[in-house]
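Each chain is listed here by its residues.
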Amino acid sequence: MNKKKKIIIIASALGAALCIAVILLVYTLMGSKYRDIFFPNTVINGIDCSGLTAKEAEALLQKAVEEYSLAVHFRGGTTENIEGSEFDYTYVSDGSVQELLGRQNLLFWAGEVKKEHNYTAEHSVTYSQEQLDALITALPELQEASMTPPTDARVEYQTDQYVIIPPEEGNTLNPSEVVAAVNDAVTAGDTSLDLEEKELYVRPAVLADDPKIQEQAEQLNKLANAHIIYNLPDGTTAELTPEMLRSWLTQNADGSYTRDEAVYEENLRAFVADLDSKTTSAGADHLFDTTMDGTISVPYGDLSTYTGYQLDTEGELAALKTQIDENQHITREPVYLTTGGGIGNHGLGNTYVELNLSRQHLWYYKDGALVFDTNIVSGSMTTWRYTPEGWYYLAYKSSPHTMKGEINPATGQPIYTAKCTYWMNFIPSVGIGFHDYDNGRSNWSSTAYLYNGSHGCINMHLSDAKTLYESLEVGTPVVVYYSEPYTLRQELSPAQQYAQSGGSSGNTSSGSNSGSSATPTPEPTPPPATTTPAPTATPTPPATATPSPTPDPVTPPATEVPTETPSDAPSVTAT
C-alpha cells in the first residue's frame with residue numbers, strides 16, 4: 001500500500017471516530033437535561049409530572065394534596081365528600097420525588113422517553129387520624145337513628161297461602177369498620193370509596209333460599225292454612241285466621257312447627273267459647289235498639305224464655321276441626337242449637353213486641369215495619385205485682401179465656417177469677433200476658449201502673465187487644481224493659497201473708513191463665529223496697545215508623561193510697 005492510501009484510510013477512520021464522538025456528545029448533551037426533569041409520560045401519585053423538575057413536581061403534588069377529597073358512597077345512592085382540609089391532609093416533602101428523578105436511566109433516555117412511568121411517592125402526606133375518625137363517625141348515615149337493620153327472610157300469609165318474604169337489606173353499618181376502610185382509602189390516596197362494594201353493610205342472617213324457612217312454609221300450609229269467617233247475629237263478623245292457627249302451633253328450636261294436640265284443643269275450645277259469648281242470647285243481658293230511648297242493655301231476668309241464638313259448642317268444635325284439617329277457606333254461620341230472628345236489632349230480628357214500661361207503651365214490629373202501637377197498663381210497682389223486665393217469647397194465645405189468680409192458702413181458692421176475650425201469654429211460668437180489661441179497669445193513665453196497676457199482666461183496651469191478637473204469632477219475641485229507674489214497694493202475696501201468720505203453705509199454688517190446674521209456687525221471703533237503675537242508654541236514631549206519643553210517667557204524691565183490688569186486675573201469676 002502506498003503512502004497516499006494509508007493517509008486516506010487514517011483520515012477516514014479519524015473522521016468516523018470524530019463523527020461518533022460528536023454523535024455521542026450530542027446524545028449525552030440531549031439526555032443530560034433529564035438529570036433535572038422527569039421523562040415524558042411520567043405520572044406520580046396520579047399527577048402528570050412529565051418534563052417537571054422535582055421541585056415543580058412536588059409543587060403539583062402539594063396542590064393536589066391541598067385539594068384532596070374522598071367521596072364515600074353509601075347504599076341508596078347517597079354520597080358524603082370528606083375534604084382533606086377538614087382533617088389536616090398535608091403534603092410532606094421527604095425526598096422521595098427527588099429520589100424518583102435520580103433513578104431515571106439517562107443512558108437510555110431515548111428509549112425511556114417513549115415509555116410510561118407511573119410512580120407512587122409513598123409517605124408524602126400526613127393527616128390527623130383523630131380528626132378524620134371524628135368526621136367519619138359524625139356522618140348522618142352512621143347515626144343509629146338513620147340506620148335500618150336488615151330483616152331476615154320470613155314466612156308470611158298472603159291471600160290464601162303462606163309464602164316466603166325475601167329479606168330486606170336495610171342500611172346498617174358498623175362504624176368502626178367504616179372508619180378503618182376510610183383510613184385505608186385516604187392512606188392510598190383514593191378519591192372514591194364504595195361501601196357496598198366493600199361489603200361493609202350488615203347482611204340478613206336468613207335468606208329466601210334457606211332450606212329451613214322453606215320447610216316452615218310447607219309445614220304452615222299444611223297445619224295452619226284454614227280461614228273461617230263467621231257471620232254473627234248482630235251483623236258483625238268473627239274470624240279464625242291462619243295467623244291465629246299459627247299461634248296455636250309449637251315452634252321448635254330449629255324453626256320448624258309441630259302441633260301439640262293438647263295445646264291445640266285448648267286453644268280451639270277457647271276460640272269457640274269466645275264465639276259463644278258473641279252469639280248466644282240466652283242467659284245474658286243483651287243490647288236492644290229501643291224506639292224512643294236509644295240503644296240499651298236489657299237484663300235477661302230469671303223468668304226470661306227467649307233463647308235466640310244458642311251456639312252448639314260441640315257441633316261447632318267438630319265442624320271447625322274438619323275445616324281446619326281440610327284447610328278450608330269459607331264464610332259461614334256458626335253451628336247453632338237455636339236461632340234468633342236474624343241480624344236486625346243485635347240478632348233479635350225485625351219482628352218483635354217492645355214494651356217500655358216506664359213509658360207504658362207497646363210497639364209491635366213485623367219485618368221491620370211498625371204495624372201496631374198503643375198505650376198499656378202494666379203491673380203495680382210492688383215486689384209482688386210488678387211486671388218483670390226481660391226477654392220472652394209469646395208462648396200461646398187463646399180467645400175467649402178465663403184468668404185465675406194465685407191460690408189463697410187460707411181458702412184454697414184463687415184470689416180472683418176474671419174473663420177476657422183475648423189472651424196472649426208471654427211469661428207462662430207466672431201466667432203473665434197481654435189481655436183486654438175494659439170491664440175491670442177505669443184508670444188508663446200513664447201513671448196508673450205505679451199504684452193502680454195490674455198483678456203483672458199487660459192490660460189493654462178490647463179493640464187494641466183484638467188488633468194485636470189477630471196479628472201476633474206464637475213464638476214472636478217480646479222485649480220488656482224500664483227506660484227509667486224505678487222503685488218497688490214491699491208487698492206480700494197471699495201465700496206469703498199466710499206463711500208469716502203461721503199458717504201452712506202446702507196449699508200454695510198459682511193458676512195459669514189458660515184455666516188449667518194450679519201448679520205449686522214457692523213462698524219467698526218478701527224483699528225490701530228496691531230501687532233499680534235504668535239500663536244504660538246509648539242514643540240512636542228512632543225507628544223509621546213514628547209511634548204514638550206517650551207522656552213520661554209521673555210519680556203520684558206520697559199520700560196517695562193504693563186503690564187496686566182483685567176485681568181491678570188479675571194477680572201477677574194470672575193477670
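Residues numbered from 1 in each chain as written. Predicted model: local features only at pLDDT ≥ 70, side-chain atom pairs only at ≥ 80, totals over all residues. Heavy atoms only, no water.

A few words now on the overall build of the chain. Secondary structure summary: the chain contains 14 helices and 37 strands in total. A buried classification covers 42% of the 575 residues belonging to the chain. Sequence-distant contacts, at least 24 apart, represent 72% of the contacts inside the chain between residues at least 6 apart. Summed over its atoms, the accessible surface of the chain is roughly 28800 Å², and 54% of this surface lies on carbon and sulfur atoms. (Helix = DSSP H or I, 4+ residues; strand = E, 2+ residues; numbered from the N terminus. Buried < 20%, exposed > 50% of the residue type's maximum accessible area, 1.4 Å probe, protein only. Contact = heavy atoms within 4.5 Å. Areas by Shrake-Rupley, 256 points an atom, 1.4 Å probe, with all protein chains shown as cover.)

With that settled, the discussion passes to the environment of Gly 344. Relative to the helices and strands, Gly 344 is located in helix H11 (residues 344-347). Here Gly 344 falls in the buried class, since its relative accessible area comes to 13%. As for Gly 344 and Pro 233, which are separated by 111 residues in sequence, their C-alpha atoms are 7.8 Å apart. Contacts of Gly 344, omitting those with residues within four sequence positions, involve Gly 349 and Asn 350.

What follows covers the pairing of strand E16 (residues 295-298). Here strand E15 (residues 286-289) runs beside E16; their pairing, made up of four bridges, is antiparallel. What sits directly across from His 286, in E16, is Val 298. The loop that links E15 with its antiparallel partner E16 comprises five residues; one of these, Gly 294, has a positive phi angle of about 70°. (Pairing = 2+ DSSP bridges.)

Turning our attention to unusual backbone geometry. Following Ser 399, the chain continues into Pro 400 via a peptide bond in cis, with omega recorded as -5°. Relative to the helices and strands, Pro 400 is located in the loop between strand E24 (396-398) and strand E25 (401-404). A positive phi angle is found at Thr 159, which is not glycine, with a value near 60°. The residue Thr 159 is located in the loop between strand E8 (154-158) and strand E9 (161-165) in this model.

Moving on to the packing of aromatic side chains. Taken as a whole and judged by the stated rule, the model has 19 aromatic pairs. Geometrically, the ring pair formed by Tyr 157 and Tyr 162 is edge-to-face, given 5.0 Å between the ring centres and 75° between the ring planes. In this pair, the class of Tyr 157 matches that of Tyr 162, namely buried. Taken together, a centroid distance of 6.1 Å and an interplanar angle of 90° make the contact between Phe 288 and Trp 391 edge-to-face. Highlighted residues: Phe 288 in strand E15 and Trp 391 in strand E23 (residues 390-393), separated in sequence by 103 residues. In terms of burial, Phe 288 and Trp 391 fall into one category: buried. In this structure an aromatic cluster arises from ring pairing among Phe 288, Tyr 306, Tyr 352, Tyr 365, Trp 391, Tyr 393 and Tyr 481. In this arrangement the basic side chain of Lys 397 is found over the ring face of Tyr 469, its NZ or CZ atom lying 4.8 Å from the centre. (Phe/Tyr/Trp six-rings, centres within 6.5 Å; stacked < 30°, edge-to-face > 60°. Lys NZ or Arg CZ within 6 Å of the ring centre and 35° of its normal.)

Judged by pairing direction, the sheet is mixed, and its five strands sit side by side in the order E22-E21-E20-E32-E23 without closing on themselves. Among the strands making up the open sheet, the edge pair consists of strand E22 (369-375) and E23. Strand after strand, the sheet turns through a mean of 15° between neighbouring axes, direction not considered. Two elements, strand E21 (residues 361-366) and E22, share six bridges in a ladder whose sense is antiparallel. Counted as the bridge partner of Lys 366 is Ala 369 from E22. (Axes fitted to C-alpha atoms, helices over the stretch in contact; angles between N-to-C directions.)

On to the sheet that holds strand E4 (residues 79-83). Within a beta sheet, neighbouring strands are joined by backbone hydrogen bonds and run either parallel or antiparallel to one another. Overall, mixed pairing links the three strands, which are arranged E4-E3-E10 in an open sheet. This sheet does not close on itself; its edge strands, each paired only once, are E4 and strand E10 (192-194). Shown here is a sheet whose adjacent strand axes are inclined to one another by a mean of 20°, direction ignored. Here three bridges tie strand E3 (residues 69-73) to E10, and the two strands are oriented parallel to one another. When the bridges of E10 are listed, His 73 appears paired with Asp 194. Running at roughly 145° to E3, helix H6 (residues 175-187) makes contact with E3, E4 and E10 of the sheet.

Inspection of the secondary structure puts Ile 165 in strand E9. Classification of Ile 165 as buried rests on a relative accessible area of 13%. As for Ile 165 and Ala 208, which are separated by 43 residues in sequence, their C-alpha atoms are 7.1 Å apart. Those residues in contact with Ile 165 that sit more than four places away from it in its chain are Ala 153, Arg 154, Glu 156 and Gln 158.

Between its terminal C-alpha atoms H6 stretches 18 Å, which fits the 18 Å expected from 13 residues at 1.5 Å a residue. What H6 keeps buried is the set Val 178, Val 179, Ala 181, Val 182, Asn 183, Ala 185 and Val 186. Just downstream of H6 lies Gly 189, where phi reads positive at about 75°. (Expected span 1.5 Å × (residues − 1).)

What follows covers the pattern of salt bridges. Any two side chains of opposite charge can pair, given that their charged atoms come close. Counted according to the given criterion, the structure contains 17 salt bridges. Connected through salt bridges with shared partners, the residues Glu 265, Arg 269, Glu 314 and Lys 321 form a single ionic network. (Salt bridge = Lys/Arg side-chain N within 4 Å of Asp/Glu carboxyl O.)

Across a regular strand the side chains alternate sides, sitting on one face of the sheet and then on the other. By the alternation rule, side chains of strand E28 (residues 417-420) split into Ala 418 and Cys 420, which are all buried, and Thr 417 and Lys 419, of which none is buried. Pairing analysis gives four bridges linking E25 to E28, with the strands arranged antiparallel. Counterpart to Met 403 in the pairing with E28 is Ala 418.

We now examine the environment of Arg 489. With respect to the helices and strands, Arg 489 occurs in the loop between strand E33 (486-488) and helix H14 (494-500). For Arg 489, a relative accessible area of 22% puts it in the partly exposed group. Within the structure, Arg 489 has its side chain in polar contact with the backbone oxygen of Leu 450 (distance 2.7 Å). (Polar contact = N/O pair within 3.5 Å; in protein donor to acceptor, adjacent residues only side chain to side chain.)

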